[in-house]
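Structure at a glance
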Amino acid sequence: MPIATPEVYAQMLDAAKEKSFAYPAINVSSSQTLNAALKGFADAGSDGIIQVSTGGAEYLSGPSVKDMVTGSVAFAAYAAEVAKNYPVNIALHTDHCPKDKLDGFVRPLLDISAERVARGEAPLFQSHMWDGSSVPLDENLQIAEELLAKCAAAHIILEIEVGVVGGEEDGVANEINDQLYTTPEDAIATIKALGGGDQGRYMTALTFGNVHGVYKPGNVKLRPEILKAAQEAAASELGLGSDARPFDLVFHGGSGSTAQEISDAVDFGVVKMNVDTDTQYAFTRPVAAHMFANYDGVLKVDGEVGNKKQYDPRAWGKAAEAGMAERIVEACQNLRSAGTSLAG
């Protein structure tokens, strides 16, 4: 299928909320991890979201170039071509973008998409994230208003973060404390600033104890009921029934979450869950196994020439992609998106 149009992306999110499932959003940083993500979604029969972080975008441009816009444009072009061969819908997204990187990442990409839309083409990305968790809420929402208007004009969905995700990702680190829990007052402030979709569609990453990084199940103190309280506060502010779920919620920092925590979060309106740490490990683990099992083939030991078939990057690369694809299938099953593709 071609990369999802804005209309198809909206249908994907609507279906997720209506049928109580969520899409894994898989971070990638290379053509190999992109291909693994595509295969994983296809194997699961799930539509999905594939995303690049600021660091991933830099890496995609070339380790010595480190240009986030170049890497993002190259990623989107490659993804648009190879995704045609898979029978599922895929949306492209840019992940966490803090304030100091807006001018070198999201804003230039929005300008590119605006030019494309003006020519009658689809936007380059289907959604972008503004991560205002490190600035005061008023400033966070003020910047979000500006970006939402630009996103809406370019037929793009904005993702925002209200609250703080603990741990570290791409050099952005936050302490693990009470700031990890979004309040109903934060939810109301968000609705007052951005509306309920009338100013443009947006997704909201509300925090309920989320932490980036590697944690065993039970070590992260998640409180999914916070999402329910936020939805109720937003519904009241909009004059909707108490069972309404006006926010399209995003789940960040999900590594180490229990199956029940994930299920509860989806029931409370999560439609997108970021998956990065687990898929990085799933990609790398088969590579390590290959190198250990074939050390005398991948290394020129004792003056020998090694075994080209074993050190050919395609040999270990295929195993890495297969391992990551399997983990994505598992994510789709956990989030209940397996078998739900709108592509049939």
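A short tour of the structure in this document, coming up. (Residues numbered from 1 in each chain as written. Predicted model: local features only at pLDDT ≥ 70, side-chain atom pairs only at ≥ 80, totals over all residues. Heavy atoms only, no water.)

**What to know about the overall build of the protein**
This is how it is decided: The helix count covers DSSP runs of H or I at least four residues long, the strand count covers runs of E at least two residues long, and both are numbered beginning at the N terminus. Only C-alpha atoms enter the radius of gyration, while the globule expectation follows 2.2 Å times N to the 0.38, with N the number of residues. Exposure categories follow from relative accessible area, calculated using a 1.4 Å probe and restricted to protein chains: below 20% of the type maximum is buried, above 50% is exposed, and the middle band is partly exposed.
Of regular secondary structure, the protein possesses 13 helices and 10 strands. On C-alpha atoms alone, the protein measures out to a radius of gyration of 20 Å, which is about the 20 Å that the 2.2 N^0.38 rule sets for 344 residues. Taking the principal axes of its C-alpha atoms as reference, the protein extends roughly 75 × 50 × 40 Å. In the protein, buried positions account for 53% of the 344 residues.

**A few points about the packing of helix H10 (residues 277-293) against helix H13 (residues 313-334)**
Threshold: Between N-to-C directions, angles span 0 to 180 degrees; the directions come from axes that are lines fitted to C-alpha atoms, helices contributing only their stretch in contact. If you view the pair so one helix is near and one far, a crossing is left-handed when the near helix is turned anticlockwise from the far one by less than a right angle, and right-handed when it is turned clockwise. What makes two residues a contact is simply this: any of their non-hydrogen atoms within 4.5 Å. The residue classification treats Ala, Val, Leu, Ile, Met, Phe, Trp, Tyr, Cys and Pro as nonpolar and Asp, Glu, Lys and Arg as charged. All others, Gly included, are polar.
Packing of H10 against H13 brings their axes to within 8 Å, and their N-to-C directions diverge by 145°. Along this stretch, H10 crosses H13, giving a crossing that reads as right-handed. Every residue of H13 that contacts H10 at Asp-278, Thr-279, Ala-282, Phe-283, Pro-286, Val-287, His-290 and Met-291 is listed here: Ala-315, Trp-316, Ala-319, Ala-320, Glu-321, Gly-323, Met-324, Arg-327 and Ile-328. Class assignment for the residues of the contact of H10 with H13 results in 11 nonpolar, three polar and three charged.

**A word on the packing of aromatic side chains**
Short version of the rule: Between the rings of Phe, Tyr and Trp (Trp by its six-membered ring), a pair exists once the centres lie within 6.5 Å; its type follows the angle of the planes, with under 30 degrees stacked, over 60 edge-to-face, and the other angles tilted. In this scheme, Lys NZ or Arg CZ marks a charge over a ring once it lies within 6 Å of the ring centre and within 35 degrees of the ring normal.
In the structure shown here, the tally under the stated rule is three aromatic pairs. Here the basic side chain of Arg-223 rests over the ring of Tyr-181, its NZ or CZ set 4.8 Å away from the ring centre.

**What to know about the packing of helix H6 (residues 137-153) against helix H7 (residues 184-194)**
In helix packing, the relevant descriptors are the interaxial angle and the interaxial distance, both defined with respect to the helix axes. Following both chains from N to C, one finds H6 and H7 inclined at 35°, their axes separated by 10 Å at the closest point. When you trace H6 past H7, the crossing you get is right-handed. In this structure, H6 contributes Leu-137, Leu-141, Ala-144, Glu-145 and Leu-148 to the contact, and H7 contributes Asp-186, Ala-189, Thr-190, Ala-193 and Leu-194.

**What about unusual backbone geometry?**
Look at His-155: it is not a glycine, yet its phi comes out positive at around 60°. By secondary structure assignment, the location of His-155 is in the loop between H6 and strand S5 (157-162). Phi at Asp-302 is positive, roughly 50°, even though this residue is not glycine. Positionally, Asp-302 belongs in the loop between helix H11 (295-298) and helix H12 (308-311).

**Details of the side chain of Asn-274**
Put simply, the rule is: What qualifies as a polar contact is a pair of N or O atoms within 3.5 Å, subject to a donor-acceptor requirement within protein and to the restriction that residues adjacent in sequence count only when both atoms come from side chains.
As for its placement among the helices and strands, Asn-274 is situated in strand S10 (residues 270-275). For Asn-274, a relative accessible area of 10% translates into the label buried. Of the polar contacts made by the side chain of Asn-274, one reaches the side chain of Lys-272; its length is 2.8 Å.

**Considering the state of the cysteines**
Condition: For this text, the term disulfide refers to a pair of cysteine sulfurs within 2.5 Å.
On inspection of all chains with the given rule, the structure shows zero disulfides. Summary of cysteine pairing: Cys-151 is not part of a disulfide, and the nearest cysteine sulfur, belonging to Cys-97, is at 11 Å.

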